[in-house]
Amino acid sequence: MQPTAPQALSTLSGFETYAIPRSEALARLRLRLGGRRREIRQSFESGTLDGMQAARALSDMIDELLVGLAAYAGLPDDPQQMTFSLCATGGYGVGLLAPFSDVDLLFLTEDTPSAALLEKIEYVLYTLWDLGLQVGHATRSIAQCLEAASDATICTTLLDLRPIYGSRALAGELSQALHRELQGERLEKFVEARLVERGRRHHKYGDTPYLVEPNIKEGGGGLRDLQALNWIGNALLGGESETSASPDQPGRLQGLAASCLQLGQLTARETYRAHKIWRFFWTVRLHLHYTAGRAEERLTFDMQPIIGARMGYANHGRQRGVERFMRHYYLMARSVMQLTSVLQPTMLLQLQNHLHATTPRYLPGPEGFHLLNGRLTAMTSELFSNTPLNLFRLLAVASKYQLPLHPNAVQHLIRQERHIAELRGNPEAAELFLDLLCAPARIPPAQLPSASADNKTGESPHADVAAPDRKGAEPLAARPLVGTLHRHEENFWLPLLNETGLLARFLPDWSRVMGQTQIDGYHIYTVDEHIIEGVRVLRQLEIGRMADEIPVAYTLARNLQGRRALYVAALIHDIGKGRGRDHSQLGSELAVTICAQLHLTPEETDTVSWLILHHLLLSHTAFSRDIDDPQTILDLADIIQSPERLRLLLLLTIADVRAVGPRGWNTWKATLLHRLYTRLADVLEGGQQTREDDQRVAEARAQVARALRPATSETEIGQFLKLGGPGYWLGFDAHTHVRHAHLTLAQLQHPNESGIRVDLHPLPSRGITELTVLCPDRPGVFSLIAKALAICGTSISDARIYTLSNGMALDTFWIQDQHGEAFEERAHLERLEAKIIQLLSAQNPEGGQAGPYPPLSDEDALEIAPDQTAALRRLGNVQVPSRVLIDNEASDKFTVVEVNGRDRPHLLFELTATLKREGVHISSAHVTTYGLRAVDVFYLHDSHGRKITAPAQIARLRESLLHVLTGPAA
């Protein structure tokens, strides 16, 4: 309980002792703390202190406060008596504190605390809370601490124990007792728990450090990974508690604990790099806290340019300051992963030796390498420095014999990567590299067909060489480096080549895209990670995964003639990004040089260059053009010309789109690409696909008929089957057709007064909701639906218009909520349906109104969820050029208008309302969003069904649409 009498403020934070009321004392303390915080912030932001020094100053400030409070509260401070110690734990225990981080405290007692002692502890805590500090605390005896330390998280916080006030000897006794407990099996369990926790943390915050909005504390390659090294090192070698070491020792201040440095396995360069990384991350973290005004650990798009500017990253040439800053961040994160890959094997071998009193035994392995615990490695680094080709050979042998790499083999790759530059242009090195790049994905044993008669065991042909001991648990020291560079699927070497630095040394142009961010709200990875993900998708397509939406992709991938060219094209398709030119054009030119270095044939080089030049062609056409328009297909066929190139381009397109991120791909996009591919194949292969399309239309109709029987009469089935043209039947799957059938037949058989029916079908597994609206067709219907969607806070990912033969409009939208997820809450769905019906019913189709529908009113705007554009607001500083293209050559029947600009919730409504005001009619609309950038394409005709050709009308239309993109609402 709190003391209630007026309190005297002792010598605390510079104040002299005199009696004042508690409220005034707290006010003075707040003033003093606020002033000290401002001084630290000003020193940090002026560059007098770096992030780590400022964090140390903040920690010292809290130390001073706690010492004064504890002394005034009368907590024991007799060095001769081991009765009480006030200790810092966790991150605060290290002596570094971020501006808005929690203050973790342990009130350590010799025995069960008395009521009087607890009252004094409560006084300290209440005062801290009244001062606005976030405090984590526990009051325990040594015995209670040791019991609680059976939990790995609590044990971890105690490893960073630091006494602030009271008996240092008591705190020292706890540290010694804790390390006596951390022996044998318990030590092994603790280390394993920390490794498992790191893997889970990486999975939660992104399995890669190369996310475009990384978490600098918890994400891969962040601060927590460095701390994890310290915890494991302290547990193994007895720690470095404040009771036995100065808080100013270099190890504690620079980031790597002395226990890690004592292992003696870091080179001087690696130690220097570790210190530099630690300072960089703490500087970024403090800028992030101060800028956000809270404990923000995610480096979001809106924060990146601010923090980059604060840290002095200015524009340089064509590269913006924010891009330079983020590239530096990703290279630092990669260094953390490398450092972990260097230190962790040494730590775990130390653990194995400690537990089993054994030293590692190297056994002869295949082709001049060695085995350690059944994993491939080399005994000395000279094997690589003397013969750099062995850097590639190591991986090739691992692939050939299906051997896992030992963690210390990764150490060798990291430390010797500079020697790979000697192999540029070397034919043998090029062949090994291409073999590694094109190594096929391995199907997990559970998916393999039964063993043949020649191999009834189903084991690897080199099982006698490869297999570690399977009789017991694999030694901890030999397990893969969870959460480090060894984080990808078996036999996929590209991530390891990238993260060890081998790839950039071997292909110098690769270094230009390493760590290059993509600030567009669309890609979720850096350029290099996006490319690697694309290659991974290709591998998966070859074994039948990821080909569910386009089954033909599996068949194509299994029967390729230009497989090597396809993989090289996938590797360098974005190599031209970030250089101020069209990256497809530049990448096509760079490909000629890179292919020569890799000793590809002239035919392969030509194919690679062509694929890179046109790698956006299919996706751009499928997602933003009417692929039922014959002119569209003929124009593409003129560019592609070859059926083999079409097959390669389709596979590259699928890999590229899927590699954008989990929401870059959906069934609708798969359907569009498949339809486009079949139409192009028809032209390029002499018309065979036309019959296939006719057959697919017949099959789609037959499927719907079967699904509707026997609940639906044959007359009703016949009515529905006559409503849609071929484009409709090829545009949806059977389940969607059946839903449409129920919707249209319900209106035909039981017409409601409004004539409007709405179907909402959430697809949470795909992060999207499909909305279908059936209503009488008339000008402006599409625009009104778009208005309803804007009011209800949805984001439109795609939209299609169909007019059925009975004069009803069947408009389909694919929508998401403001968080990029499926729109699926019942209340939200009901509100959206009601809003659509309200807006469509309010318009009188016979009223003859020629003007536009009214814009969003203030009342409408209030209905829009305030946080629906959170992601777009984070990107508010990013410029998106506005452009309107009007093309009368792309289609025989329609004027094609492509609108490019910054996306916002009500953009589609404003565009379609403008088109109605201009007196043009929409035949089809193709709405695509690439993060920040909206690409909306409309196929238009005038009131007589003709193209818009009058120059004055075209100019007015362009000006009106540009005004929507650039006007005040934008």
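Residues numbered from 1 in each chain as written. Predicted model: local features only at pLDDT ≥ 70, side-chain atom pairs only at ≥ 80, totals over all residues. Heavy atoms only, no water.

The protein goes by Bifunctional uridylyltransferase/uridylyl-removing enzyme in an unreviewed UniProt entry, where it is assigned to Oecophyllibacter saccharovorans. Its UniProt record, at the heading Sequence similarities (unreviewed entry), says of the protein: "Belongs to the GlnD family." Quoted verbatim from the Cofactor (unreviewed entry) field of UniProt, the annotation for the protein is "Mg(2+)". (UniProt positions renumbered as here; feature names shortened; annotations may be inferred.)

A. View of the overall build of the protein. Of the regular secondary structure elements, the protein holds 40 helices and 17 strands. Across the protein, every contact between residues at least 6 apart in sequence was considered, and the portion connecting residues at least 24 apart equals 73%. With an accessible surface of roughly 40,200 Å², the protein has 51% of that area assigned to carbon and sulfur atoms. (Helix = DSSP H or I, 4+ residues; strand = E, 2+ residues; numbered from the N terminus. Contact = heavy atoms within 4.5 Å. Areas by Shrake-Rupley, 256 points an atom, 1.4 Å probe, with all protein chains shown as cover.)

B. Highlighting the state of the cysteines. Counted under the stated rule, the structure contains 0 disulfides. For C145, which is in no disulfide, the shortest distance to another cysteine sulfur is to C87 and amounts to 8.4 Å. Given a relative accessible area of 1%, C145 falls into the buried group. (Disulfide = S-S within 2.5 Å. Buried < 20%, exposed > 50% of the residue type's maximum accessible area, 1.4 Å probe, protein only.)

C. Seen up close, the pairing of strand β11 (residues 768-776). Burial analysis of β11 places 8 of its 9 residues in the buried class, which makes it a mostly covered element. Bridge count for strand β10 (residues 757-763) against β11 is 7 bridges, and the pairing is antiparallel. In the strand pairing of β11, H761 is matched with E770. Here β11 runs beside strand β13 (residues 808-816); their pairing, made up of 8 bridges, is antiparallel. Residue T772 lies in a different strand from β13, and its bridge partner there is T812. (Pairing = 2+ DSSP bridges.)

D. Main features of the packing of aromatic side chains. Within the structure shown, the criterion is met by 18 aromatic pairs. Note on Y72 and Y123: the rings are 6.3 Å apart at their centroids and 45° apart in plane angle, and the pair reads as tilted. With a gap of 51 residues between them, Y72 in helix α2 (residues 51-73) and Y123 in helix α4 (residues 115-130) connect regions that are remote in the sequence. Of the residues examined, Y72 reaches a relative accessible area of 25% and is grouped as partly exposed. Taking the relative accessible area as the measure of exposure, Y123 reaches 9% and is therefore buried. Aromatic pair F280 and F281: ring centres 5.7 Å apart, planes at 80°, arrangement edge-to-face. One exposure class covers both F280 and F281, and it is buried. (Phe/Tyr/Trp six-rings, centres within 6.5 Å; stacked < 30°, edge-to-face > 60°.)

E. Representation of the pattern of salt bridges. In total, this model carries 38 salt bridges according to the counting rule given. The closest approach of N and O atoms between E45 and R310, which form a salt bridge, is 2.5 Å. Residue E45 is found in helix α1 (residues 22-45), and its partner R310 is found in helix α13 (residues 303-310); the two are separated by 265 residues along the sequence. Accessibility expressed as a relative area gives 36% for E45, which makes it partly exposed. Relative accessible area serves as the criterion here: at 31%, R310 is assigned to the partly exposed category. (Salt bridge = Lys/Arg side-chain N within 4 Å of Asp/Glu carboxyl O.)

F. Geometry of the nonpolar core. Membership of the largest hydrophobic core comes to 240 residues, with the highest contact counts inside it found for F433, W510, L571, V608 and L618. If you tally residues by element for this core, the top one is helix α14 (residues 321-356), at 14 residues. With residues up to four places along the chain from it excluded, the contact list for W510 reads N498, L503, A504, D528, I531, I532, L571 and I575. The next biggest cluster of nonpolar side chains, apart from the first, holds 49 residues, and it includes I785, A799, I815 and V884. (Core = buried A, V, L, I, M, F, W, Y, C linked by side-chain atoms within 4.5 Å.)

G. Looking closely at helix α28 (residues 630-640). All buried positions along α28 are accounted for by Q631, T632, I633, L636, A637 and I640. Where α28 begins, the side chain of D629 points an oxygen toward the backbone nitrogen of Q631, at a separation of 2.9 Å. (Polar contact = N/O pair within 3.5 Å; in protein donor to acceptor, adjacent residues only side chain to side chain.)

H. Expanded view of a negative patch on the surface. A cluster of acidic residues, D635, D638, D887 and E889, forms a negative patch on the protein surface. On the secondary structure map, D887 appears in strand β14 (residues 883-887). (Patch = residues over 30% accessible without salt bridge, like charges linked within 9 Å, V, L, I, M, F, W, Y side chains within 5 Å. Lys, Arg positive; Asp, Glu negative; His and termini not counted. Charge placed at Lys NZ, Arg CZ, Asp CG, Glu CD.)

I. A look at the sheet that holds strand β15 (residues 895-902). One open sheet accounts for 4 strands, arranged β14-β15-β17-β16; its pairing is antiparallel. Of all strands in the sheet, those bounded by a partner on one side alone are β14 and β16 (921-930). Here the strands of the sheet are splayed against their neighbours by 15° on average, with no regard to which way each runs. As paired elements, β14 and β15 share 5 bridges and run antiparallel to each other. What sits directly across from R883, in β15, is N900. (Axes fitted to C-alpha atoms, helices over the stretch in contact; angles between N-to-C directions.)

J. Broad picture of the environment of V683. Relative to the helices and strands, V683 is located in helix α30 (residues 667-684). Among the residues examined, V683 registers a relative accessible area of 37% and is labelled partly exposed. Considering only alpha carbons, one finds V683 and L634, 49 residues apart in sequence, at a separation of 7.6 Å. When residues no more than four places from it in sequence are discounted, the contact partners of V683 are I633, L634 and A637.

K. View of the environment of L672. Residue position: L672 is located in helix α30. Judged by relative accessible area, L672 falls into the buried class, the value being 3%. Taking the C-alpha atoms as reference points, L672 and S619, 53 residues apart in sequence, are found 8.8 Å from one another. When residues no more than four places from it in sequence are discounted, the contact partners of L672 are A622, F623, I627, D798 and R800.

L. Layout of the sheet that holds strand β12 (residues 795-803). If you trace the 4 strands from one edge of the open sheet to the other, you get β10-β11-β13-β12, paired in antiparallel fashion. With one partner strand each, in any of the chains shown, β10 and β12 form the two edges of the open sheet. Mean inter-strand twist for the sheet, computed between neighbouring axes without regard to direction, equals 15°. Across 8 bridges, β12 lies against β13 in antiparallel orientation. The residue bridging Y802 from the neighbouring strand is L810, located in β13. Strand contacts of helix α36 (residues 826-842): β10, β11 and β13, with the helix running at about 150° to β10, the strand carrying the most contacts.

M. Structural context of the confidence of the model for the protein. In this model, the protein carries a mean pLDDT of 83, and residues with pLDDT of at least 70 account for 85%. No element of the protein has a lower mean pLDDT than strand β1 (residues 7-9), at 36, and none a higher one than helix α24 (residues 563-572), at 97. Segment residues 481-487: pLDDT under 50, and 35 contacts once partners within four positions in sequence are set aside and those in other chains are kept. Overall, residues 858-869 carries pLDDT values under 50, and its contacts beyond four positions in sequence, including any with other chains, amount to 20 contacts. (pLDDT = per-residue confidence, 0-100.)

N. Expanded view of the side chain of H674. When you line up the elements, H674 lands in helix α30. When near neighbours in sequence (up to four residues on either side) are disregarded, H674 contacts I550, V552 and R696.

O. Geometry of unusual backbone geometry. The omega torsion across R709 and P710 is -5°, close enough to zero to call that bond cis. Relative to the assigned elements, P710 resides in the loop between α31 (688-708) and α32 (714-721). Despite not being glycine, Q402 has its phi angle at roughly 55°, a positive value. You can see Q402 is positioned in the loop between α16 (389-400) and α17 (407-416).

P. Helix α7 (residues 168-181), seen in detail. With 14 residues, α7 ought to run about 20 Å at 1.5 Å a step, and its terminal C-alpha atoms sit 20 Å apart, in line with that. When α7 is considered as a whole, its buried residues turn out to be L170, A171, G172, L174, S175, A177, L178 and H179. Looking at the buried side of α7, the elements it contacts are β3 (84-88), β4 (103-109), α5 (142-148), α6 (152-159), β6 (162-166) and α9 (223-237). Of the residues flanking the start of α7, the one acting as N-cap is S167, its side-chain oxygen 3.4 Å from the backbone nitrogen of A169. (Expected span 1.5 Å × (residues − 1).)

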